[in-house]
Amino acid sequence: MEFLSPATKTDLEEDSEEEVKVEPLEGAWRLDSFDDETLEPVKAVSAFTRPWMSHRQVHSFLSSRECSGRRPPPNGFPKVASRRIPHLLREKELMGLDKCDKIFASAWLDCDRVIAGTKDNQLIVWSVKTGRHFCLPSYLGEGFRVDHCGIHSIAIGPSGVIATGGQAPEDILLLDQTTLRPSSLLKGHGDWVFALAWLSDRLLVSGSRDRSVMLWDVKGGGAKHGVQRPKAVRVYHKDKIRDLAFDHVTRQFATISTDGVLMVWDEGTLEPAGSMTLEQRQDLVCMTCATQRHLFACGSEAHVQLVDPRVPLTLRTIPAVSASSPSGVRSLNFIEDMLTVGGGDGTLSFYDLRAGRYLELESNNGLKYVQTGRGYLKEDDVYRMHFSHQQTNNTVYTHCFDPTNTKLFVGGGPLPFGLCGSYAAVW
């Protein structure tokens, strides 16, 4: 049996750029039906209908969007069309990169604006349409200092509240999405905050280098002079927490730590519902969740591990794509059944869960990755003494798709410690 590949033109597709044809498929594969344990496809029992969109139709939409600001249908692109998007991505570097150092975190405010957090503790907002940017003013908190640890996470809640790192590395700052003004400061962690996720419009969970997981009720009152304390604190990991991801369907979130353990937490009790030691434990720094499949993807030095928390088992260990020697997986994201992987060597690759392989990108001569552009690199004394005679790529520390899943923001900077520079682009 064979997959019906969306990349292959069939008699189900029409080249019309005005509408998407819908045809019945007799006995075809269901594109969203898979065995939970093996990730193998399950055969459809009866006929079904599904919209298909050809290469030309996706390209037509992207071209018209550039000219007239056209948006996709309210329901977005079908899954088959979303698989074509990586082949059509083109890089457009943003301006103002010489004003900041290494972009660690990002999130889309809407279809035009993206907010990014940097190593030098700046919050920068870029407009994709105009190319302009501005920096949000810093707040001066108790014990203020800038020790260049950076803002490592940005999360936007259902009601539009933005949670991000503060100037003090152990603080969490809440911003209003409309005005972008600070509304509250969350204090409780004793070390850098690496990960944030909203469980609801009032509950926020955070993970820190101090090994703790904290739950915050941002609407629970009790704030004194704009400063709130955590509702609950849990310490189960033996080493620093590097990232967390939330499955809003199962209402569970998972954390990964440099101790090599993935821990699954129950939202209601804030207690671990299970844990497992990952096979690839070196340099665990990022994770994401495929909500439709209830899978967590964890990035390590040279692999991505797909974990089913219901078993718990590592369903698949995927070698990372690298342009040279492996430099670690630094960021992960899901769009439908497509896992996007940001590498330490400046590569961005796309892994198709259904096909079980990386896409060979038409936009890059069939290679399994695209390479980030030049960005900005400060040629100071450190650069001239140690790095001037070697190539320095921009690590993909963060990347995220916009609400339409047709634009991809990629942020990063040079990987070596001591080098100052930044990279930001919209693909």
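Keep in mind that what you see is a predicted model, and the values were worked out from it rather than measured. Starting afresh in each chain, residues are numbered from 1 along the sequence in its written order. With the structure being a predicted model, the display of local features is reserved for residues of pLDDT at least 70 and the display and counting of side-chain atom pairs for 80 or more, all residues being used for whole-chain, interface and lining totals. Derived side-chain values reflect all non-hydrogen atoms in the structure, with water molecules and hydrogen atoms excluded from consideration.

A. Inspection of the pairing of strand 6 (residues 103-108) at higher detail. Three labels apply to residues, based on accessible area from a 1.4 Å probe with only protein chains included: buried if under 20% of the type maximum, exposed if over 50%, partly exposed otherwise in between. Note on conventions: DSSP H or I runs of at least 4 residues are helices, E runs of at least 2 residues are strands, and numbering of each starts at the N terminus. Of all six residues that make up strand 6, six are buried, and the element is covered over most of its length. Strands pair, by our definition, only if DSSP identifies at least two bridges between them. Sheet topology places strand 6 next to strand 7 (residues 113-118); five bridges connect them, and they run antiparallel. Note that in strand 7 the partner of tryptophan 108 across the bridge is valine 114. From the end of strand 6 to the start of strand 7, which pair antiparallel, there are four residues.

B. Expanded view of the pairing of strand 11 (residues 161-165). Summarising burial for strand 11: four of the five residues are buried, a large majority. Direction of pairing for strand 10 (residues 154-156) relative to strand 11: antiparallel, over a ladder of three bridges. Within the sheet, the bridge partner assigned to isoleucine 154 lies in strand 11 and is threonine 164. Linking two consecutive strands that pair antiparallel, namely strand 10 and strand 11, is a turn of four residues; a positive phi of about 95° is found at glycine 160 within it. In the sheet, strand 11 pairs with strand 12 (residues 172-176) via five bridges, with the strands oriented antiparallel. Each bridged residue has a counterpart across the sheet, and for valine 161 the counterpart in strand 12 is aspartate 176.

C. Region of the structure containing the environment of glutamate 336. Considering the arrangement of structural elements, one finds glutamate 336 in the loop between strand 27 (329-335) and strand 28 (338-343). Residue classification places glutamate 336 among the partly exposed residues on the basis of a relative accessible area of 28%. There is a polar contact of 3.5 Å between the side chain of glutamate 336 and the side chain of glutamine 292. Two N or O atoms form a polar contact when they lie within 3.5 Å of each other; inside protein one atom must be a possible hydrogen donor and the other a possible acceptor, and for residues adjacent in sequence the pair counts only when both atoms belong to side chains.

D. Up close: the sheet that holds strand 11. With mixed pairing, the five strands of this open sheet are ordered in space as 10-11-12-13-17. Either end of the sheet is taken by a strand with one partner, and the two such strands are strand 10 and strand 17 (227-228). One ladder, built from two bridges, connects strand 13 (residues 182-186) with strand 17; its direction is parallel. When the sheet's bridge partners are listed, leucine 186 is paired in strand 17 with glutamine 228.

E. Seen up close, unusual backbone geometry. Unlike most non-glycine residues, leucine 180 shows phi in positive territory, near 60°. Position of leucine 180 among the secondary structure elements: in the loop between strand 12 and strand 13. One non-glycine residue, histidine 294, adopts positive backbone phi at about 60°. Tracing the sequence through the fold places histidine 294 in the loop between strand 23 (286-290) and strand 24 (295-299).

F. Focus on the confidence of the model for the chain. Scored between 0 and 100, pLDDT is the confidence that the predictor attaches to each residue. Taken residue by residue, the chain gives an average pLDDT of 79. The fraction at 70 or more is 76%. Low pLDDT (under 50) marks residues 140-146, which in the prediction has 10 contacts with non-local residues, meaning those over four places away or in another chain. Contacts between residues were defined by any pair of non-hydrogen atoms, one from each residue, lying within 4.5 Å.

G. Molecular detail of the pattern of salt bridges. The term salt bridge refers to a pairing of a side-chain nitrogen on Lys or Arg with a carboxyl oxygen on Asp or Glu at a separation within 4 Å. Going through the model one piece at a time under the given rule, you end up with 13 salt bridges. A salt bridge links arginine 202 to aspartate 217; the shortest N-O distance between them is 2.9 Å. Of this pair, arginine 202 sits in the loop between strand 14 (193-198) and strand 15 (203-208) while aspartate 217 sits in strand 16 (residues 212-217), placing them 15 residues apart in sequence. Judged by relative accessible area, arginine 202 falls into the partly exposed class, the value being 32%.

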